[in-house]
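# Structural characterization, general
In case you want the letters, here they are:
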Amino acid sequence: MLIENCPIINVNVKVWLFWAYLRKPKWYSYLLGCVPVTVLNVFQFMNLFNVIASGSGDMNKIIIDGYFTVLYFNLVLRTSFLMGNRGKFETFLEGIADEYAVLEKQNDIRPLMDQLTRRARILSKSNLWLGAFISACFVTYPLFSPDNGLPYGVYIPGVDVHASPIYEIVFVLQIYLTFPACCMYIPFSSFYCTCALFGLIRIAALKRSLEKIHEFNTSPRSLFARIKECLQYHEDIIKYVSDLNELVTYIFLLELLSFGMMLCALLFLLSISNQLAQMVMIGCYIFMILSQMYALYWHSNEVREQSLEIGDSLYYNSAWLDFDQSVKKKIILILARAQRPLAIKIGNVYPMTLEMFQSLLNASYSYFTLLRRVYN
């Protein structure tokens, strides 16, 4: 099965294929997408440095410009990592497509598979629509702002971006670049969530196989072969989660550091803002951060929790103590390995769980209250 035809991942894959981030490079796609977005981010960093160095910007401007600069840097980094590891991503996605085609033929797992596939597709599409809506807010906010600034603060050496007609040209270009920027950021998060959902499907398939292991008890040879297949499939799942972790762990480490800091800054800006339009926009920014990060941590937590139940499916649903000694050794291997949960880690150190997400929120709120107290 081709990766663009695999239902659980094809929404994000088609976006990546459209911009030529996968398979054969297309330079005209890069010139229309990631290259100008990267140049925009460079100008954003120059603007942020200029504002801070000159002391000409107030706290509101610094925080908003800093948020967009970090956001665009994150999406440029995501895309660069994807293109730099194009082969690994393609191999990983092809493995999903091949395994999906195999699992489709198993009637006992098919209902759950259809359910999680629908969830993955709804999640991917809703993320794109949410990204489009928030992006539209990004570019229309200056129309309601009293300072008539640009959607994203930029500094171009030797050019006054606030003078007509340069202002209008830059404004239109930023509106256009918001679309490829959205396509560079959103699909990566959706890619991880859909891969985590497919991991849940594979774990469920293994649990169903272990629950029915007693049906082969009449033939020791068949029972041994079956439990050996389950052990191998468990190892395949472990490798699958390990490969997924390798593809996302350091990107998510950057998000943890950057967006935790930006969440604190946005909360502070919300508390001191007295403009309704700005308060609404800040609320949208905060909602985008929380919704994206919650989806990442929730799906990671589900993989972790479900992997811990693999041993329970075998331990409580089969009289494995009555099996042959060779079979019991294989079962003990599965039970022992199931005690170590499968986890996606931040920087290969901390597992992504809902507890960690709560800790991130607590830390951001603590720094917000400290910043607010110092400001007062």
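In this text, all values refer to a predicted model and were calculated from it rather than measured experimentally.

### So, the layout of surface pockets
Put simply, the second largest pocket is a space of about 280 Å³. What lines the second largest pocket is a set of 13 residues, and nearest its centre among them are T91, F92, K239, Y240 and D243. Every element with two or more residues in the lining of the second largest pocket is listed here: α5 (86-103) and α8 (220-272). Considering only residue class, the lining of the second largest pocket consists of 4 nonpolar, 2 polar and 7 charged.

### Section: the UniProt feature "transmembrane region" (unreviewed entry) in the chain
Feature annotation in UniProt places "transmembrane region" (unreviewed entry) on residues 27-46, 66-84, 127-144, 175-201, 247-270 and 276-297, given in this structure's numbering. Secondary structure across residues 66-84 comprises 100% helix and 0% strand; the distance between its end C-alpha atoms is 26 Å. In the segment residues 175-201, helix accounts for 100% and strand for 0%; the C-alpha atoms at its two ends are 40 Å apart.

### Looking at the packing of helix α3 (residues 34-54) against helix α7 (residues 166-211)
Running from N to C, α3 and α7 point in directions that differ by 110 degrees, and their axes come no closer than 9 Å. The pairing of α3 with α7 is recorded here as roughly perpendicular in orientation. Contacts from C34, P36, V37 and L40 of α3 reach α7 at Q174, L177, P180, A181 and M184. Within the contact of α3 with α7, the residues separate by chemical class into 8 nonpolar, 1 polar and no charged.

### Observations concerning the environment of K228
Looking at where K228 falls in the secondary structure, it is placed in helix α8. Overall, the relative accessible area of 47% leaves K228 in the partly exposed class. Sequence separation of K228 and I331 is 103 residues, and the distance between their C-alpha atoms is 8.9 Å.

### Examining empty space enclosed by the protein
What the rule picks out here adds up to 2 cavities of 30 Å³ or more. As a volume, the largest cavity reaches approximately 100 Å³. L71, S135, F138, C182 and M288 are the residues nearest the centre of the largest cavity, which is lined by 13 residues in total. Those elements that place two or more of their residues in the lining of the largest cavity are α4 (59-84), α6 (110-144) and α7. With 5 residues, α7 is the largest single contributor of residues to the lining of the largest cavity.

### Observations concerning the pattern of salt bridges
When charged atoms on two side chains of opposite charge get close, those side chains can pair. Counted under the stated rule, the structure contains 6 salt bridges. Note that R110 is salt-bridged to D114, the shortest N-O span being 3.0 Å. Here R110 and its partner D114 are both found in helix α6, 4 residues apart, which amounts to about one turn of the helix. Under the relative-accessibility criterion, R110 is labelled partly exposed at 32%. Judged by its relative accessible area of 28%, D114 is partly exposed.

Definitions and cut-offs
All residue numbers here refer to positions counted from 1 along the written sequence of the relevant chain. Given that this is a predicted model, residues contribute local features only at a pLDDT of at least 70 and side-chain atom pairs are listed and counted only at 80 or more, while totals for whole chains, interfaces and linings are drawn from all residues. Side-chain numbers come from the whole structure's heavy atoms, not from hydrogens or water. Lining residues are defined by having an atom within 4 Å of a point belonging to a cavity or pocket. Those points lie on a 1 Å grid over the protein atoms alone, cavities being sets where a 1.4 Å probe fits but cannot get out and pockets being open sets with protein on both sides within 12 Å along at least five of seven lines. Grid points are joined across faces, edges and corners, and a volume is the space filled by probe spheres set on the points. Note on conventions: DSSP H or I runs of at least 4 residues are helices, E runs of at least 2 residues are strands, and numbering of each starts at the N terminus. The residue classification treats Ala, Val, Leu, Ile, Met, Phe, Trp, Tyr, Cys and Pro as nonpolar and Asp, Glu, Lys and Arg as charged. All others, Gly included, are polar. UniProt positions are given in the numbering used here, feature names are shortened, and annotations may be inferred rather than shown by experiment. Angles run from 0 to 180 degrees between N-to-C directions of axes, and those axes are lines fitted to C-alpha atoms, restricted for helices to the stretch in contact. Should an angle fall under 35 degrees it is taken as roughly parallel, and over 145 as roughly antiparallel, whereas 65 to 115 is taken as roughly perpendicular and any remaining angle as oblique. For this analysis, residues touch if any pair of their heavy atoms sits within 4.5 Å. With a 1.4 Å probe rolled over the protein chains alone, any residue whose accessible area is under 20% of its type maximum counts as buried; one over 50% counts as exposed, and the rest are partly exposed. Any Lys or Arg side-chain nitrogen located within 4 Å of an Asp or Glu carboxyl oxygen qualifies as a salt bridge.

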